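Observations on the three-dimensional arrangement
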Amino acid sequence: MTAGPEATAVIAAAGSGERLGADLPKALVEIAGRPMVAWSLDAFAGAATVGFVVIAAPPGRERELEALAPPQLAVSVVTGGAGRSHSVALALAEVEAGLVAIHDAARPLVSSALVDELVTALASRPDLTGVIAAAPILDTVKRAAQARPGAGGGFTIAATENRDLLWAAQTPQVFRIAALREALAGDPDLLTIATDDAALVERAGGSVLLHPSPATNLKVTTVADLRLAESLLS
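Residues numbered from 1 in each chain as written. Predicted model: local features only at pLDDT ≥ 70, side-chain atom pairs only at ≥ 80, totals over all residues. Heavy atoms only, no water.

Okay, the overall build of the protein chain next. Helix and strand content of the protein chain: eight helices and eleven strands. Since a compact globule built from 234 residues should have a radius of gyration of about 17 Å, the 18 Å found for the protein chain is in line with a globular shape. For the protein chain, the C-alpha atoms occupy an extent of roughly 65 × 45 × 35 Å along the three principal directions. A buried classification covers 43% of the 234 residues belonging to the protein chain. With an accessible surface of roughly 11,800 Å², the protein chain has 53% of that area assigned to carbon and sulfur atoms. Positive and negative charge centroids in the protein chain, built from 17 and 25 side chains respectively, lie 7 Å apart. (Helix = DSSP H or I, 4+ residues; strand = E, 2+ residues; numbered from the N terminus. Rg over C-alpha atoms; globule rule 2.2 N^0.38 Å. Buried < 20%, exposed > 50% of the residue type's maximum accessible area, 1.4 Å probe, protein only. Areas by Shrake-Rupley, 256 points an atom, 1.4 Å probe, with all protein chains shown as cover. Lys, Arg positive; Asp, Glu negative; His and termini not counted. Charge placed at Lys NZ, Arg CZ, Asp CG, Glu CD.)

Quick look at the side chain of lysine 26 now. Take lysine 26: it is sitting in the loop between strand S1 (7-12) and strand S2 (30-31). At 6.0 Å, aspartate 104 is the nearest oppositely charged side chain to lysine 26, a buried residue that forms no salt bridge. Among the polar contacts made by the side chain of lysine 26, one reaches the main-chain carbonyl oxygen of valine 220 at a distance of 3.0 Å. Residue contacts for lysine 26: discarding those within four places in its chain leaves Gly15, Ser16, Gly17, Leu20, Met36, Ala106, Val220 and Thr221. (Salt bridge = Lys/Arg side-chain N within 4 Å of Asp/Glu carboxyl O. Polar contact = N/O pair within 3.5 Å; in protein donor to acceptor, adjacent residues only side chain to side chain. Contact = heavy atoms within 4.5 Å.)

Before going further, it helps to examine the sheet that holds strand S6 (residues 99-104). Strand pairing within a sheet occurs via backbone hydrogen bonds; the two strands may be parallel or antiparallel. The strand order S5-S4-S1-S6-S10-S7-S11 describes an open sheet built from seven strands, whose pairing is mixed. Each edge of the open sheet is held by one strand with a lone partner, namely strand S5 (75-79) and strand S11 (208-212). The mean angle between the axes of side-by-side strands here comes to 25 degrees, regardless of whether they run parallel or antiparallel. In terms of strand pairing, strand S7 (residues 130-136) meets S11 through five bridges, oriented parallel. Across the sheet, isoleucine 132 pairs through a bridge with leucine 210, a residue of S11. Along the sheet, helix H1 (residues 36-45) contacts S1, strand S4 (50-57) and S6; its crossing angle with S1, the most-contacted strand, is approximately 175 degrees. Where helix H4 (residues 112-123) meets the sheet, its contacts fall on S1, S4, S6, S7, strand S10 (167-176) and S11, and the angle it forms with S10 comes to roughly 60 degrees. (Pairing = 2+ DSSP bridges. Axes fitted to C-alpha atoms, helices over the stretch in contact; angles between N-to-C directions.)

Here the focus is the side chain of threonine 221. Tracing the chain through its elements places threonine 221 in the loop between S11 and helix H8 (223-233). Of the residues examined, threonine 221 reaches a relative accessible area of 18% and is grouped as buried. Setting aside its immediate chain neighbours within four residues, threonine 221 contacts Arg19, Leu20 and Lys26.

Assignment of secondary structure puts serine 76 in strand S5. Taking relative accessible area as the criterion, serine 76 reaches 15% and is therefore assigned buried. For the pair serine 76 and proline 188, spaced 112 residues apart in the sequence, the C-alpha separation amounts to 25 Å. Not counting residues within four places of it along the chain, the set of residues in contact with serine 76 comprises Phe52, Val53, Val54, Ile55 and Glu94. Within the structure, serine 76 has its side chain in polar contact with the side chain of glutamate 94 (distance 3.3 Å).

Here we come to helix H5 (residues 177-184). When H5 is considered as a whole, its buried residues turn out to be Ile177, Leu180, Ala183 and Leu184. Seen from one end, H5 has its buried residues packed into an arc of 125 degrees, which puts them on one side. Seen from the open side of H5, the exposed residues pointing more than 90 degrees away from its buried face are Ala178 and Glu182. Considering only its buried residues, H5 is in contact with helix H3 (84-91), S6, S10, helix H6 (188-193) and helix H7 (197-203). (Arc of directions from axis to C-beta.)

Quick look at the structure:
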């Protein structure tokens, strides 16, 4: 039997829990009786295509996060940077595999199957630089234009977008390691404002495929998200 593709995963876990009203890092906020990041670690431990995981941790929480890894999962922990992209760049110093899967610890319902689908899809497409989990946008989307001064403030509608072409980017996002390193070595100001790694790879000229993800792959940002995730995991 021929071995399948193998990737290293990077879990970005250095974010704060401020919007959840927590006084500890978001990755350590409990969901269904376990720290949030522990659910993602389980998913990567069960993925056939992942052989190693690097966690970008909040300063001072490195040992705590390392202790959460399942015994069958090889893990390294680095101290995260000032922002998400900076944390990923620091974690990549530990990566030797040709493919890397970047995941946000705030998506605790990620499945092993989704990870394997993404890694396999990129490994089978030499024409692609990356493959990301994403969901088609179902709402009607309005692009806003700020109201003119003195008109009461707020935003007015500039245009209605074609939602058939609009997708919400999620994680995991899988890239060829050389391309991601090159993208992260670009303009430092772009790293500060980038909300996902795919945007940096796209700007550097990479071709990134959208891969539909299940509705359960939600991101925990608010207390309401936390309650929903807890219900699903329970």
